[in-house]
Each structure stands twice: as C-alpha cells, then as structure tokens.
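# Examination of the molecular architecture
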Amino acid sequence: MKVVGKVFEAKAGDAPESDTHIGQRLREIRKLAGLTQEQLAARLNIGQAALSRVEGRRDILVSTLRDYLSALGATVRIDARFDDASALVTSMREADFRFEAVDENQLVLPIVGEERLPPRRDVVFSIKPDYCDKIVSGVKTIELRRRFPMSVPAGTTALIYATSPTRALLGIAEIGQVHRCAPKEIWDSFSDRACIARKDFDTYFEGVERGYAIELKRARPLRRALELSELRDRFNFEPPQSFLYATQQMREALHYECSEISH
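A few points on the structure. Numbering of residues starts from 1 in every chain and runs along the sequence as written. Reporting of local features is limited, given that this is a predicted model, to residues whose pLDDT is at least 70; pairs of side-chain atoms are given and counted only at 80 or more, and all residues count toward the totals for whole chains, interfaces and linings. Only hydrogens and water are set aside when side-chain values are computed; all heavy atoms of the structure are taken into account.

### Some words on the pattern of salt bridges
A side chain with one charge may pair with a side chain of the opposite charge, provided their charged atoms come close. Selection rule: Whenever Lys or Arg places a side-chain nitrogen within 4 Å of a carboxyl oxygen from Asp or Glu, that contact is recorded as a salt bridge. Here a helix means four or more residues in a row that DSSP labels H or I, a strand means two or more in a row labelled E, and each is numbered from the N terminus. Exposure classes here rest on a 1.4 Å probe applied to the protein chains alone. A residue is buried below 20% of its type maximum, exposed above 50%, and partly exposed in between.
Under the counting rule described, the total for this entry stands at 13 salt bridges. Between Arg-30 and Glu-55 there is a salt bridge; the shortest N-O distance is 2.6 Å. One end of the pair, Arg-30, is in helix α1 (residues 22-32); the other, Glu-55, is in the loop between α3 (48-54) and α4 (62-70), with 25 residues separating them in the sequence. The same class applies to Arg-30 and to Glu-55, which are both buried. Glu-238 serves as the salt-bridge partner of Arg-232, at 3.0 Å between the closest nitrogen and oxygen. Connected through salt bridges with shared partners, the residues Arg-27, Arg-30 and Glu-55 form a single ionic network.

### Considering the environment of Ile-22
Here Ile-22 shows up in helix α1. Classification of Ile-22 by relative accessible area gives buried; the value is 5%. Sequence-wise, Ile-22 and Leu-65 are 43 residues apart; in three dimensions their C-alpha atoms are separated by 9.4 Å.

### Let's talk about the sheet that holds strand β8 (residues 211-227)
Using the following cut-off: Only strands that DSSP links by at least two bridges are regarded as paired with each other. Inter-axis angles, ranging from 0 to 180 degrees, are taken between N-to-C directions of lines fitted to C-alpha atoms, where helices are fitted over the stretch in contact.
The six strands lie next to each other as β5-β8-β7-β6-β4-β9, forming an open sheet whose pairing is mixed. The sheet terminates laterally at β5 (142-145) and β9 (243-245), the two strands that pair on one side only. When the angles between neighbouring strand axes are averaged without regard to direction, this sheet yields 35°. With four bridges connecting them, β5 and β8 associate as antiparallel partners. The residue of β8 that forms the bridge with Glu-143 is Ile-214.

Structure representation (structure tokens):
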C-alpha cells in the first residue's frame, strides 16, 4: 500500500510527567505547516475558538486527530506495539507493517514526552531545462505540481534540478505559499507567473480535480552546476520524477559550497 503525503505516527513518550500534551503537539505541527489557527479552522469548517480548544486539550478523539491532520494534507497511522512480536502475526492481518522501516520524511507525534519536531527539509524539484532557466532568472515564479504536500512550510529551500539533457542541479529558491485549487483557478490566478502554454497546462492537469501552485521566491543560480554524476557519487542521488526531500548530508554539503542557501 502506498501512502501519499506525510504520515504521523502517534506513540507514547517516555516522560508522562511532562506538561507537554497532544494539543500542544498539534499546534507545533500546524505552525510547521505554516498555517494560522484562522486558516486551519477555515479548512475544518469550524470556528477559530473551537480549534483553539482542540489545541488546548490533553486528550483528543482519534476522529478529531484524523480530521486535524487531514486538513494539513497528512494521514494518520496508529501502530500497536507488542513486546512479543509473534502477537502481531497471530492477531493482525496487516502484521507486515511492523517490519516497515521508518521513512525519514515521516513525523513522529508523541502523545507525551520531549521529542521535538524535525527541522525544515529542503525540497528538490525535477524541472525541464527551459523552465529551470526561467526560474533562476526570476521570470518564472510559480511551479506547478499535480501532487505536493501542503505541510511544506513557507521559507523552505527549493533546489532546482534540470532534467535531460542537462541533468544537473542548477539553482535554489525559497518556497512561498502553496496553493491547492482546481486547475481552472490555477490558470486564472497564476498562468502569467507559471510561464506555460495553455495546451501544455491542460495536458499536465488532465484528470486532476485539484492541483498545486507553488510560489518560488528569491531564485538564483548556484555558483556552479552540480552534474548528476557528481550528485550520485557524493549523495547517492537519483532524480525524482516530481520532487523529493534532500538528505541532510546533501544539504550540508551544498550549504558549505554555496553560501547563498538559507538555513
């Protein structure tokens, strides 16, 4: 089963005496996603006061947790952990899930305890060379995607990878607001900044009810292009079809070589 979007795993922490509670953890995730209480309340179709009460609670219904995280573009998975591993095999049909490696793109949401949310992650976009040139020159300020996590916060660094025949990392930008709406709304609002022909736009979003328009700010070229061969040798990098999160090793190396990357 392929899970789309981020997965938040609720688990018991190691410090039940802590004053930190589930509502506060949800508030941290909302802020990480770059949303205000007013914005999230509108998505949930509830009042801001009601959302504030949710974020102040020490106990929350699973259905409330699901709706809250769904409004952030996430899904909820609750794992039951047994001391006797054989119990999973004998009692659960989906026991194979316990063997899943924890994806580095997941966020663990402890019910209690001091575990912190991870730092922001750089996003690597795969983009056709012509569009890359327009991005790094500041002409193209909207990147379009059929799928993209709404939880990516404003200020996240976008790394611009040019596909064939260039096959190199060329530039960086800063992600602004992420807009999720119908393709017609995207075209009406952002076509002039997306630098795409209407025919190509319609083909790309064919069959999609909602698409994503991602604002790109302060785009500029890297001091030197990093070709795919070097990216593979140094970071085991493989170009994504759409986008991926950069590894910490890759981010640190790029920060060292290209001081323009924000941190």
